[in-house]
Number of protein chains: 2
Amino acid sequence: MPSYTAPLKDMQFLLHSVLNVTASDTPGYGDLDEGFTAAVLEEAGKVASDLLAPLNAVGDREGCLLENGMVRTPTGFKAAFQAMKDGGWTALDCDPDYGGQGLPYLMGTAVGEIFVSANMAFNMYQGLTHGAYSAIHTHGTAEQKATYLPKMVSCDWTGTMNLTEPHCGTDLGLMRTRAEPQADGSYLITGTKIFISAGEHDLAENIIHLVLAKAPGGGEGSKGISLFIVPKFLVNDDGSLGARNAVSVGKIEDKMGIHGSATCVMNYDGAKGWLLGDLHKGMRAMFTMMNEARLGVGLQGYAQAAVAYENALAYAKDRLQGRAVTGAENPSGPADPLIVHPDIRRNLMEQKSFVEGARALTFWAAHLIDRSVRQGDAEAEGLVSLMIPVIKGFQTDKGFEMAVQAQQVLGGHGYIEASGMSQFARDARIAMIYEGANGVQALDLVGRKLAQDGGKHVMAFFDVVKAECQAHDSDERMKGFVGPLKTASKQLQQAAMFFMQSGMKNPNAALSGSYDFMHLMGHVCLGLMWTRIAKAAYTAFDTGASDRDFLDAKIATGRFYMARQLPACTMHLARIETGAETVMALRTEAF
Amino acid sequence: MPSYTAPLKDMQFLLHSVLNVTASDTPGYGDLDEGFTAAVLEEAGKVASDLLAPLNAVGDREGCLLENGMVRTPTGFKAAFQAMKDGGWTALDCDPDYGGQGLPYLMGTAVGEIFVSANMAFNMYQGLTHGAYSAIHTHGTAEQKATYLPKMVSCDWTGTMNLTEPHCGTDLGLMRTRAEPQADGSYLITGTKIFISAGEHDLAENIIHLVLAKAPGGGEGSKGISLFIVPKFLVNDDGSLGARNAVSVGKIEDKMGIHGSATCVMNYDGAKGWLLGDLHKGMRAMFTMMNEARLGVGLQGYAQAAVAYENALAYAKDRLQGRAVTGAENPSGPADPLIVHPDIRRNLMEQKSFVEGARALTFWAAHLIDRSVRQGDAEAEGLVSLMIPVIKGFQTDKGFEMAVQAQQVLGGHGYIEASGMSQFARDARIAMIYEGANGVQALDLVGRKLAQDGGKHVMAFFDVVKAECQAHDSDERMKGFVGPLKTASKQLQQAAMFFMQSGMKNPNAALSGSYDFMHLMGHVCLGLMWTRIAKAAYTAFDTGASDRDFLDAKIATGRFYMARQLPACTMHLARIETGAETVMALRTEAF
């Protein structure tokens, strides 16, 4: 059975040596001293290792069960959910006005990684609730906030997001779910939604569905869509639960992974709902939550790779097979451990350098979101909204790829379900799909974000990279970082330039390279992170840090990423510069 | 539910326009005229579509069941297996002296792809039997052949391969299974083998296990290993079945995929066995079958990608979502089909160009095996043995990757088991692991095959590529093929040179780049195939072929591969040339 240990040391290093949180002017960051964050993360790590990780395989094996319109979650989920509530984990970064603890989103992200690594499916019940909480918190009326938020902060009530219908996913303009206005100001919602995570389950007293639907007068396409609050049980004026609403689960899906998370078909048969935010502006309301939601999925990508890596590494150190080609390293044993073999090491280093780089990128993005939300920093908001599709698309692609590579370390044993490695890969797979499939992320990046506000944000991104390079230009030790980062960043600029020039004539020329661009930018982001990490490690050395082994490992891992992974940028640029010609040459009928 | 249609046109094109089989001097090829191969492939396609494909999901859902020492295969497998026997499919490329039809291995390979695409797990019962048949055919005594082969050709009896033990997979020198010689010339085999595909099941009267074990006097390590025939039921002198042997299934594994194939723990408790081939030379006996076995797994890789691509393509043509950025292509409908979007096309073209290129490579390799086996062509044998690790490693890595990309086309629907796309990916995953994990293939390629016979075979490979380039140098139409192939081939040579020079000083410098070299060479092989295919298409044009749409599509698909996929070679070379430094920098304890 696999195990999980939270990467406390790496997280503390990121918070205090790379991001220097206590030196930040972001409100609330002053409280995040080393002792405090260590206590929070350590406690989260204990909960993850002792409570959540052991339930991961149970959830996968048992899945959820639909009986008489009720969904039963796997054995142990209910007690664990109660323990999470009792421990206050659901309220961590929520608004104190509604019972939250008010910690920065950055801390919620760090704790989130720990819980997602331990049990991704279980964590979705809370994760979806947090998303719905954010939507109501941003767009709700004072009354709506008072009615729903306290119960959602405590997870007594959970939340859902209802977008997809059988015939439409990405193209929400095709939506058929209707909202009929009633005399009392409410709406009756009718339609079918699919792929609704946590749509029905036995973990909470009530479920607050956020549902996209078309209300009269909104016109065609996605512009006429509105967002509604549709509770499973209506809420009385005194806050107690009233009548059951006309919403029910039609079936639950049999999926490749995240079996512990109930994926529901939801039927709305004239269910009572209330408008959230402005009429016919539901898409905009959804979009304001998207940065957080997509960051959360990008986190799932590397969090699964992280736990898969931990277990692959343990196997590679333990399993004796063959001899090091440079001479036995375990001469008294029957064979050397797998980790002596260069190709096993290459594999492990690819996993390690991705996971730690992606963690740094995700933490930085969470910090930018804090700056945006807590102090109205528009530049931070622009920068993070540019990077969000990269964090979601690149990190989930690579996260899955790395979980598969981790599985490979175990050979045949990795293919056996009992090893747990298959589940990491199967669970990680969904993150490439939901919250906007990764091709849609690439489209968002190239078709929308690059040109947003006159290209201001992408210019700002290049400035950040340039400043980082210049800051270390004279530091001889940083040569292995600054050089490759400069090259990769130039390649990214060249790709953006190609899009501008060729995309004018033929938009397909840019869109044919969108996926490669997303990955190219992902590598530049991780190259930037490793440059920062290396600098932080050298600085710690210079100031006499005691944990020299840890810092040495950081620098060596970063060097690997720069030398071995950044060459992918050359390939992506070459592909991009072939434009649309070979991609679009075949007529549809000729396929 | 997914469907399957055999790629008859592409196979015929490869056989008759690319390989020109009837013009070959390989014995048996003269009979392979277009009408004959069309009839065989068409009939195989019918069996695959009507009988095997519908059972694929059944096998996945039900899996195999172990009860009282018996393994029950999924519903319908028994009847289908009988139909395959009745149709003569199990005997297709077997020796006529033992009831086979004597067709070339190339035809067995083409038909094999069709069956594997339709139902990979089902096909393993026959596939394993074919491997055991080959071993006995090559190494058995006249009596052994007469006893076992006719029943194995008909699949009345099936076969297995027993290598792996709980504590040893790749490193067979650690093996513990023992063979004790008896006075009557037989041996008593004692030990436990794991991951034995088709180790026990209800499809055959008898199961002939080929078991690696250590007999006294062989010394330590893998040199002392011998190969034994251990039948489930002993065979009487008259060929009838006698007593049950002391071999039994201990358990069957719960796996990520190929659920319809029983993966067994086999216990040998003093089971009666007979030496196959020479004493203490079991490894050599296994190795002679390895080209075929590994080619078969490389075939599984692209065969799963092929069926996944077929279903992704159908979805992309059918599913309406969004509008083409260059203007509506389905203006009378509510939206355009997915296939109009450049990134969906990029994805589909990657799948298509890989599948068709890998099919060409696999067919060519099968032809080389025919030349080696049927006419003792040593050059063909050298060339194919060089390419085998590439075919196995590259094609299964890419096959899985492409099955995952096919799944991505369906968005959320691809994650739902009912779509069948998850199964293609889960089934394809095993091919990267068994028959030597892909890291071991890379080691075989770089550590063994490159230098074999003084580097003769790799020089021959470069000569083949060079000759292909020179042959079309003056053909203006071939510019988009010859140029990229030359570049990629030079990069491969440069990588090999790097290994020679740096590997002398530090073998880790070569082995750190072995995986990248395997992929680099895979791209060169597929580039070579697409160059040949394009030339064959142009030749067909020049000689007035009627099916111009098909030929146009071939050329366009090839152009895509050369322009969009060969740039990976630059990346692999850059990685290789960083040597061992960053890969081996971290001490084991520092991970």
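Scroll up to find the structure this text is about.
So, a few notes on the structure that sits alongside this text.

### A short note on the relation of the copies chain B and chain A
Between chain B and chain A, which share one sequence, the superposing operator has a rotation angle of 180 degrees and an axial displacement of 0.0 Å; the RMSD is 0.0 Å. Taken together, the turn and the small shift mark the pair as related by a two-fold rotation axis. In terms of proximity to the rotation axis, the leading residue of chain B is Met-571 of chain B, whose C-alpha is 2.9 Å off the axis.

### Observations concerning the packing of aromatic side chains
In this structure the tally under the stated criterion is 21 aromatic pairs over all chains. Note on Phe-13 of chain A and Phe-550 of chain A: the rings are 5.4 Å apart at their centroids and 75 degrees apart in plane angle, and the pair reads as edge-to-face. Placement of the pair is Phe-13 of chain A in helix H1 (residues 8–18) and Phe-550 of chain A in helix H17 (residues 548–565), with a sequence separation of 537 residues. Its relative accessible area of 6% is what places Phe-13 of chain A among the buried residues. Their ring planes at 70 degrees and their centres at 6.5 Å tell us that Phe-354 of chain B and Phe-394 of chain B sit as a pair that is edge-to-face. Remark: Phe-394 of chain B occurs in helix H9 (residues 378–409) and Phe-354 of chain B occurs in helix H8 (residues 342–375); sequence separation between them is 40 residues. The rings of Phe-77, Phe-81 and Phe-122 of chain A are connected pair by pair, giving a single aromatic cluster. Against the face of Phe-400 of chain B rests Arg-429 of chain B, its NZ or CZ located 5.7 Å from the ring centre.

### As for empty space enclosed by the protein
Counted according to the given criterion, the structure contains five cavities of 30 Å³ or more. In this structure, the largest cavity occupies an estimated 120 Å³ of space. Along the walls of the largest cavity sit 13 residues, with Pro-2, Ala-53, Asn-56, Ala-118 and Phe-424 of chain A positioned nearest its centre. Per-element tally for the lining of the largest cavity: the top contributor is helix H2 (residues 34–62) of chain A, with three residues. Its residues assigned to classes, the lining of the largest cavity comprises eight nonpolar, five polar and no charged. Within this model, the second largest cavity holds a volume of roughly 40 Å³. As for the second largest cavity, its lining consists of Thr-90, Cys-94, Gln-126, Thr-129, His-130, Tyr-133, Met-152, Val-153 and Cys-155 of chain B.

### Examining the interface of chain B and chain A
Across the boundary between the two partners, chain B contributes 92 residues, which contact 92 residues of chain A. Across the interface of chain B and chain A, roughly 7600 Å² is buried in total on both sides, 62% from carbon and sulfur atoms. When the buried area of chain B at its contact with chain A is split by residue, Tyr-415, Arg-564 and Phe-591 of chain B rank highest and sum to 13% of it. One can count four salt bridges joining chain B with chain A. Note that Asp-516 of chain A is salt-bridged to Arg-564 of chain B, the shortest N-O span being 3.4 Å. The residue inventory of the side of chain B that touches chain A, partitioned by class, reads 45 nonpolar, 27 polar and 20 charged.

The rules we used
Residues numbered from 1 in each chain as written. Chains lettered and ligands numbered in written order. Predicted model: local features only at pLDDT ≥ 70, side-chain atom pairs only at ≥ 80, totals over all residues. Heavy atoms only, no water. Least-squares fit on C-alpha atoms with pLDDT ≥ 70 in both. Phe/Tyr/Trp six-rings, centres within 6.5 Å; stacked < 30°, edge-to-face > 60°. Helix = DSSP H or I, 4+ residues; strand = E, 2+ residues; numbered from the N terminus. Buried < 20%, exposed > 50% of the residue type's maximum accessible area, 1.4 Å probe, protein only. Lys NZ or Arg CZ within 6 Å of the ring centre and 35° of its normal. 1 Å grid on protein atoms, 1.4 Å probe; cavity = no way out; pocket = protein on both sides within 12 Å on 5 of 7 lines; lining within 4 Å. Points joined across faces, edges and corners; volume = space filled by probe spheres on them. Nonpolar A, V, L, I, M, F, W, Y, C, P; charged D, E, K, R; others polar. Contact = heavy atoms within 4.5 Å. Buried area = accessible area lost by both parts, 1.4 Å probe. Salt bridge = Lys/Arg side-chain N within 4 Å of Asp/Glu carboxyl O.

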